[in-house]
Amino acid sequence: MNASPLQPAQTQDAPTNTLYGGVTNRRVTVRDLAKAKRNGERWAMLTAYDALTAGVFDEAGIPVLLVGDSAGNCHLGYETTVPVTMDQMVMMSAAVVRGTQRSLIVADLPFGSYQESPAQAMHNAARLMKEAGVHAVKLEGGERSARTIELLVEAGIPVMAHIGLTPQSVHAYGGYPVQGRGDEAAHQLLRDAKAVQQAGAFSVVLEAVPAELATEVTAHSAIPTVGIGGGPGTDAQVLVWTDFAGMTAGRVPKFVKQYANLRQTLAQAAGEFAADVREGTFPGPEHSFQ
Ligand SMILES: Nc1nc(=O)c2c([nH]1)NC[C@@H]1CN(c3ccc(C(=O)N[C@@H](CCC(=O)O)C(=O)O)cc3)CN21
Ligand SMILES: CC(C)C(=O)C(=O)O
Ligand SMILES: [Mg+2]
């Protein structure tokens, strides 16, 4: 039986139960993710906005990378994701695709690029697939986006849905509140999950919802659920890479676990570089040409 591309082939030097590390010579596909769901395999997704960091995460064995419109907050200096444009998403997505060999690359359709009509969504999803070369797109909304998801899927575009807290609605929410609290909200989330699955989505992000509800949605879902602030019961987890790596300035959401403190590391290195230059200890002879 072929090893799942989500896990290393069981060779004597491949540690078990770790992320795959370039053990196969093909891209992860939506079929691999469906198989992982059937096999109860959990997997991790990270955001990436450029070729360099995408390549690091691809080599580290992250099977799916999301070119998130969170780039607005983490890469482009905006306060929210709302200003991010299609041209910006195409440029970042193309870089992420060029920087990777195995990870499946999903790109967000940014605010205002799909809500007008299914035809508008088709036009912009096609741009991401053709101009950037991504393998799937993601869009926000459950029942409200079902017809659009159907059209894209019928056109051969794999769609990752996104329900619960949908950050493009930040001004309608007045912030980023947890969604799905209370009976009516919980039932709406269950209807959203059912609608996107029936529309043909290959997976669905559950953002900022009570853990028990996310577990219930996952149990009733035939497609992989990807949690961010949804607790441990989802099939997969996604984090914004600048949060997980300790690069984000200021407060990060409660659901973030920081696996590194790159902001401090980089700041300290920059300080040492500046001091060496000021003091004339860099460059030394070993850095100089004769
Ligand atoms: N750096 C970054 N990380 C993200 O996860 C992220 C972005 N940017 N930009 C787009 C959206 C915004 N996100 C957010 C931002 C804040 C909260 C937040 O602070 N939520 C409250 C909920 C409190 C409650 O309702 O009980 C929290 O305290 O976590 C959640 C998601 C997720 N996305
Ligand atoms: C928060 C994740 C799921 C996202 O949509 C993004 O990074 O833009
Ligand atoms: Mg997004």
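In the annotation of an unreviewed UniProt entry, the entry for the chain reads 3-methyl-2-oxobutanoate hydroxymethyltransferase, and the organism field reads Kitasatospora cheerisanensis KCTC 2395. Quoted verbatim from the Subunit (unreviewed entry) heading of the UniProt record, the comment on the chain is "Homodecamer; pentamer of dimers." UniProt annotates the chain under Pathway (unreviewed entry) with the comment "Cofactor biosynthesis; (R)-pantothenate biosynthesis; (R)-pantoate from 3-methyl-2-oxobutanoate: step 1/2."

Attention shifts here to the domain arrangement of the chain. Partitioning the chain into structural domains gives domain 1 (30-259) and domain 2 (261-289). A separation of 38 Å is found between the C-alpha centroids of domain 1 and domain 2. Contacts between domain 1 and domain 2 engage 6 residues on the former and 4 residues on the latter. At the boundary of domain 1 with domain 2, total buried surface from both sides reaches about 420 Å², with 59% on carbon and sulfur atoms. At the junction of domain 1 with domain 2, the criterion picks out 0 salt bridges. For the pair domain 1 and domain 2, the interface holds 3 residue pairs in polar contact (both at pLDDT 80 or more). In terms of residue class, the side of domain 1 that touches domain 2 is built from 4 nonpolar, 2 polar and no charged.

Turning next to the confidence of the model for the chain. Summarising the model, the chain shows a mean pLDDT of 93, and 92% of its residues fall at 70 or more. Here residues 8-23 scores under 50 on pLDDT; set against residues more than four positions off or in separate chains, the count is 32 contacts.

Now for the packing of helix α6 (residues 146-154) against helix α8 (residues 183-199). α8 packs onto α6 with a crossing angle of 25° between their chain directions and a minimal axis gap of 8 Å. The pairing of α6 with α8 is recorded here as roughly parallel in orientation. Handedness of the crossing formed by α6 with α8: right-handed. Judged by residue contacts, A146, I149, E150 and V153 of α6 engage A195, V196 and A199 from α8. Among the residues making up the contact of α6 with α8, the classes are represented as 6 nonpolar, no polar and 1 charged.

This part takes up the UniProt feature "binding site: 3-methyl-2-oxobutanoate" (unreviewed entry) in the chain. Per the UniProt annotation, the sites labelled "binding site: 3-methyl-2-oxobutanoate" (unreviewed entry) are D69, S70, D108 and K138. The greatest C-alpha distance among the residues just named is 12.5 Å, despite their covering 70 residues of sequence, which places them together in space. Positionally, S70 belongs in the loop between β2 (64-67) and α3 (71-74). The class of S70 is buried, set by a relative accessible area of 14%. The residues contacting S70, other than those within four sequence positions of it, are T47, Y49, T81 and V240. On the basis of relative accessible area, D108 is assigned to the buried category, the value being 3%. Once residues lying within four places of it in the same chain are set aside, the contact partners of D108 are L66, V67, G68, D69, M89, L128 and K138.

Protein ligation of the magnesium ion (ligand 3) involves D69 (OD) and D108 (OD), the donor distances falling in the range 2.0 to 2.2 Å. Taken together, the residues D69 in the loop between β2 and α3 and D108 in strand β3 (residues 104-108) connect sequence positions 39 residues apart. Look at D69 and you get buried, because its relative accessible area is 4%.

In the vicinity of ligand 1 lie 18 residues, with Y176, V178, E207, D243 and R251 positioned nearest. One of the side-chain nitrogen or oxygen atoms of N73 is found 3.1 Å away from a nitrogen atom of ligand 1. Contacts to ligand 1 include R251, whose side-chain N or O atom sits 2.6 Å from an oxygen atom. Burial of ligand 1 by the protein amounts to 78% of the accessible area it has alone, namely 660 Å². Here the shell around ligand 1 is built from residues that sort into 10 nonpolar, 3 polar and 5 charged.

What follows deals with α8. Helix length check: α8 (17 residues) gives 24 Å between terminal C-alpha atoms against 24 Å at 1.5 Å per residue, within 8%. Taken together, the buried positions of α8 are A186, L189, D192, A193, A195, V196 and A199. Among the residues trailing α8, G200 stands out with phi positive, at a value near 110°.

Rules of the game
- Residues numbered from 1 in each chain as written.
- Chains lettered and ligands numbered in written order.
- Predicted model: local features only at pLDDT ≥ 70, side-chain atom pairs only at ≥ 80, totals over all residues.
- Heavy atoms only, no water.
- UniProt positions renumbered as here; feature names shortened; annotations may be inferred.
- Domains from an automatic or database assignment.
- Contact = heavy atoms within 4.5 Å.
- Buried area = accessible area lost by both parts, 1.4 Å probe.
- Salt bridge = Lys/Arg side-chain N within 4 Å of Asp/Glu carboxyl O.
- Polar contact = N/O pair within 3.5 Å; in protein donor to acceptor, adjacent residues only side chain to side chain.
- Nonpolar A, V, L, I, M, F, W, Y, C, P; charged D, E, K, R; others polar.
- pLDDT = per-residue confidence, 0-100.
- Axes fitted to C-alpha atoms, helices over the stretch in contact; angles between N-to-C directions.
- Helix = DSSP H or I, 4+ residues; strand = E, 2+ residues; numbered from the N terminus.
- Parallel < 35°, antiparallel > 145°, perpendicular 65-115°, else oblique.
- Left-handed = near helix turned anticlockwise from the far one by under 90°.
- Buried < 20%, exposed > 50% of the residue type's maximum accessible area, 1.4 Å probe, protein only.
- Donors = N, O, S within 2.8 Å, 3.2 Å for Na, K, Ca; no water.
- Near = heavy atom within 4 Å.
- Areas by Shrake-Rupley, 256 points an atom, 1.4 Å probe, with all protein chains shown as cover.
- Expected span 1.5 Å × (residues − 1).

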